[in-house]
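# What the coordinates show
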Amino acid sequence: MPDVIADPETDPRATYAVDPARVRALTAGVVASGEPMTTHTPMTGAPLAVLPTSTAADVGVAVDRARAAQRRWASVPVERRARILLHLHDLVLERQGELLDLVQLESGKARSHAFEEVADVAIVCRYYARRGPGHLAPERHLGVFPLLTRSTEHHRPKGVVGIVSPWNYPLSLAVTDALPALLAGNAVVLRPDPQGSLTALAAVRLLVEAGVPDDLVQVVLGPGDPTGAAVVERTDYVCFTGSTATGRTVAAAAGRRLVGASLELGGKNTVYVADDADLRRAVPGVLRACFASAGQLCVSAERLVVHEAVADAFLERFLDAVRAVRLSTGLHWDADMGSLVGPAQLERVLGHVEDAVAKGATVLAGGRARPDVGPFVVEPTVLAGVTSAMACRDEETFGPVVAVYRVPSDDAAVALANDTEYGLNASVWTRDTARGRSLAARISAGTVNVNEGYAAAWGSIGSPMGGMKASGLGRRHGREGVLKYTEAQNVSVQGLVNIADVPGLQGASYARALTGALRAMRAARLP
Ligand code: NAD
């Protein structure tokens, strides 16, 4: 299979989907002296591209270039940077066809799921262009002595932000975390996953076309170790998205250097169908919650918790819908689900299903690989009877596999949702939105969607999102999503007299005067 063709550039049997000349054009600016690597498209398993790779020393060169560009960029007014984001918004929507092709070819997902990424980039561009300058604006605070002391909070860029992004959302996760970093005046060194490299490079091309200076965003290519690790070792702030295991390694490396890091990690997410759920909405909504991007989505649901009062009615309709999912690996819109990303993911997903079945679980729908559709395609799968002896009860499958649990009450649903080391996303389906909100308050997850799987919270960019517990540190989106890329600086100007040097007041008399002033400020309800 894939590796039989050694060199897709010259081997006449190679059926690579991206023209090598285009790959060379996209990778032309990458600092890369390492051994080339060949990627394959999950659609067919055929070679996709030969990519140059960046050694640790190359990453150092890229960081130096980015650092030089950042000094100039920091003096560009924030309003101009914001206009570039709006320009990117328009370009991404205009050129979505070519981006959708690349996302599909690299990740294997269905086109409608790839479109979520295009929409996400546009939403993030618009939000940070409109709201970002306000979040970054200097803010006046009451000085230690009102009128005498004037204090202002500024947000200075960190410098060079390192972004290490995974393959599952190759457009979204490469670009959307970079946008607020750039708006705040930083340069970016981006190491996309090898399996998302072409998409990331094409998106960065659009950023440059939108007006970002050439050297400001450096893309480096190669495996997590050494290339990703070198980005973590050399940048001034790290934004990492990936598994919890790798997140811990990245956090430790950032900690050794005392640089900040935000970590967007794994999940074991619950969708809860309450006894008053509107099943007409819940069935298609839960289907998307479980199987978008073939379940290779950090916020997708792998625990389907159903109130026993509606379990039979819900499952009857839900299983029909699961069995009707159209699988395809084509670059078209007529599919509901695509492929897994590659052989390792296929093995992991089938391994979880086989382990569960061997230990007594029942397959209610799906459960099989579908090599007739594509080499890494697995049917959307619903299991019942999953117990804690089975890997898929607590480990993230990161595939189209969901386990059904019937519960007698909301309390039991909340207990199950919280019975995990993770805390990324949850979804509650109920006609009573007050009940949904109060259940949300009891679930330890960074996002809770009521009557939606994940897109309501993900797309509501004004509110931050991220993981509790082992699902991460820090947040993307909203005010937090841009201020994390800055150092807060307090500049305080003292007028007229020095603080501890008031004429005529020394020692006890100074302390008495200050005590009186402090009491007066409290009485005046000053903060
Ligand atoms: P992974 O942790 O194996 O790899 C993530 C990325 O880190 C890869 O590109 C990898 O090359 C790189 N990497 C590996 N070792 C590294 C190192 N030492 N230093 C720096 N980078 C290194 O995860 P994966 O399997 O590729 O991605 C799926 C995981 O990502 C899932 O657990 C999923 O839940 C998570 N994820 C989380 C979010 C979120 O927003 N919370 C979003 C998408 C994916």
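Rules of the game
- Residues numbered from 1 in each chain as written.
- Predicted model: local features only at pLDDT ≥ 70, side-chain atom pairs only at ≥ 80, totals over all residues.
- Heavy atoms only, no water.
- Helix = DSSP H or I, 4+ residues; strand = E, 2+ residues; numbered from the N terminus.
- Rg over C-alpha atoms; globule rule 2.2 N^0.38 Å.
- Buried < 20%, exposed > 50% of the residue type's maximum accessible area, 1.4 Å probe, protein only.
- Contact = heavy atoms within 4.5 Å.
- Areas by Shrake-Rupley, 256 points an atom, 1.4 Å probe, with all protein chains shown as cover.
- Lys, Arg positive; Asp, Glu negative; His and termini not counted.
- Charge placed at Lys NZ, Arg CZ, Asp CG, Glu CD.
- Phe/Tyr/Trp six-rings, centres within 6.5 Å; stacked < 30°, edge-to-face > 60°.
- Lys NZ or Arg CZ within 6 Å of the ring centre and 35° of its normal.
- Near = heavy atom within 4 Å.
- Polar contact = N/O pair within 3.5 Å; in protein donor to acceptor, adjacent residues only side chain to side chain.
- 1 Å grid on protein atoms, 1.4 Å probe; cavity = no way out; pocket = protein on both sides within 12 Å on 5 of 7 lines; lining within 4 Å.
- Sits in = over half its atoms within 2 Å of the grid points.
- Pairing = 2+ DSSP bridges.
- Axes fitted to C-alpha atoms, helices over the stretch in contact; angles between N-to-C directions.
- pLDDT = per-residue confidence, 0-100.
- Parallel < 35°, antiparallel > 145°, perpendicular 65-115°, else oblique.
- Left-handed = near helix turned anticlockwise from the far one by under 90°.
- Salt bridge = Lys/Arg side-chain N within 4 Å of Asp/Glu carboxyl O.
- Points joined across faces, edges and corners; volume = space filled by probe spheres on them.
- Expected span 1.5 Å × (residues − 1).

### Here's the deal with the overall build of the protein
From N to C terminus, the protein includes 19 helices and 20 strands. Relative to the compact-globule value of 24 Å for 527 residues, the protein shows a C-alpha radius of gyration of 26 Å, a close match. Seen through its principal axes, the protein has C-alpha atoms that stretch 90 × 60 × 40 Å. The buried share of the protein, reckoned over its 527 residues, is 57%. Excluding contacts between residues fewer than 6 apart, the proportion of contacts in the protein whose partners are at least 24 apart in sequence is 73%. A total accessible area of about 21500 Å² is found for the protein, and carbon and sulfur atoms account for 54% of it. The distance from the centre of the 53 positive side-chain charges to the centre of the 55 negative ones in the protein is 9 Å.

### Focus: the packing of aromatic side chains
One pass over the full model with this rule turns up five aromatic pairs. On the numbers, 4.9 Å between centres and 80° between planes, the contact of Y127 with Y128 is edge-to-face. Of the residues examined, Y128 reaches a relative accessible area of 1% and is grouped as buried. Taken together, a centroid distance of 5.6 Å and an interplanar angle of 80° make the contact between Y237 and Y485 edge-to-face. With a gap of 248 residues between them, Y237 in strand β8 (residues 237–241) and Y485 in the loop between α18 (478–483) and β20 (486–494) connect regions that are remote in the sequence. Owing to a relative accessible area of 0%, Y485 belongs among the buried residues under this scheme. One cation-aromatic arrangement involves R81 over W73; the distance from NZ or CZ to the ring centre is 5.7 Å. Note that K109 overlies the ring of Y169, its terminal NZ or CZ placed 3.5 Å from the centroid.

### What to know about the site of the ligand
Taken together, 25 residues form the shell around the ligand, and within it R191, D193, S243, T246 and E396 come nearest. Here W167 contributes a side-chain N or O atom positioned 2.8 Å from an oxygen atom of the ligand. Isolated, the ligand exposes 850 Å² of accessible area, and the fraction of that covered by the protein chains is 86%. Among the detected pockets, the ligand sits in the largest pocket. When contributions to the shell around the ligand are tallied by element, the ones reaching two or more residues are β5 (160–165), α9 (224–234), β8 and α10 (244–257).

### Section: the side chain of H89
Assignment of secondary structure puts H89 in helix α3 (residues 78–94). Ignoring any residue separated from it by four or fewer positions in sequence, one finds H89 in contact with A122, C125 and R126.

### Some words on the environment of V63
Residue placement: V63 occurs in helix α2 (residues 56–73). In this structure, the C-alpha to C-alpha distance between V63 and T235, residues 172 residues apart in sequence, is 7.1 Å. Beyond its immediate chain neighbours, meaning those up to four positions away, V63 contacts V160, V189, R234 and T235.

### So, the sheet that holds strand β14 (residues 401–407)
Read across the open sheet, the seven strands follow the order β12-β13-β14-β11-β10-β16-β17; overall the sheet is mixed. Only two strands of the sheet have a single partner each, and these edge strands are β12 (362–365) and β17 (447–450). Averaged over all pairs of adjacent strands, the angle between their axes in this sheet comes to 25°, without regard to strand direction. Here strand β13 (residues 381–384) runs beside β14; their pairing, made up of four bridges, is parallel. In the strand pairing of β14, T381 is matched with V401. Set on the sheet, helix α11 (residues 279–291) makes contact with β10 (269–273), β11 (301–307), β13, β14 and β16 (425–429); between it and β16 the angle comes to about 165°. Contacting β10, β16 and β17, helix α16 (residues 433–442) crosses the sheet at an angle of about 165° to β17.

### Describing the confidence of the model for the protein
Regions with low pLDDT should not have their predicted coordinates read in detail. Per-residue confidence for the protein averages 95 on the pLDDT scale, and 97% of its residues sit at or above 70. Below a pLDDT of 50 lies the segment residues 1–5, which in the model reaches 10 contacts outside its immediate sequence neighbourhood of four places, other chains included.

### Some remarks on the pairing of strand β4 (residues 149–157)
As defined by bridge partners, strand β3 (residues 139–142) adjoins β4 across four bridges and the pair is classed as antiparallel. Bridge assignment links E139 to a residue of β4, and that residue is E153. Connecting the antiparallel pair β3 and β4 is a turn made up of six residues, with L147 showing a positive phi of about 75°.

### As for the packing of α9 against α10
Axis separation between α9 and α10 bottoms out at 9 Å; the angle between their running directions is 30°. Taken together, the axes of α9 and α10 lie roughly parallel to each other. Remark: the crossing between α9 and α10 carries right-handed chirality. Side by side, α9 and α10 meet where V232, E233 and R234 of the first sit next to V250, A253, A254, R256 and R257 of the second.

### Focus: the pattern of salt bridges
Within this structure, the stated rule accounts for 28 salt bridges. The salt bridge partner of D320 is R323, with a shortest N-O separation of 3.9 Å. A residue pair is termed a helical-turn pair when its members lie 3 or 4 positions apart in one helix, as D320 and R323 do in helix α12 (residues 308–323) at three residues. D411 is the salt-bridge partner of R442, the closest N and O atoms lying 2.8 Å from each other.

### Regarding the layout of surface pockets
By volume, the largest pocket is sized at about 960 Å³. If you go around the largest pocket, you meet 41 residues; those closest to its centre are P166, W167, D193, S243 and T246. Secondary-structure elements contributing two or more residues to the lining of the largest pocket are β5, α9, β8, α10 and α13 (343–358). Considering only enclosed or pocket space, the second largest pocket measures out at about 260 Å³ in volume.

### As for the sheet that holds strand β7 (residues 217–219)
Strand order in the open sheet formed by six strands is β7-β6-β5-β8-β9-β19, and the pairing between neighbours is mixed. In this open sheet, the two edge strands, each paired with only one partner strand, are β7 and β19 (472–473). α2 rests against β5, β6 (187–192) and β7 of the sheet, and its axis sits at about 150° to β6.

### A word on helix α8 (residues 197–210)
Under the 1.5 Å per step criterion, the end-to-end length of α8 is 20 Å for 14 residues, consistent within 8% with the ideal 20 Å. The buried count for α8 comes to 11 of 14 residues, which makes it a mostly enclosed element. Among all positions in α8, only S197, L198, T199, A200, L201, A202, A203, V204, L206, L207 and A210 are buried. Positive backbone phi, approximately 130°, marks G211, located one or two places after α8.

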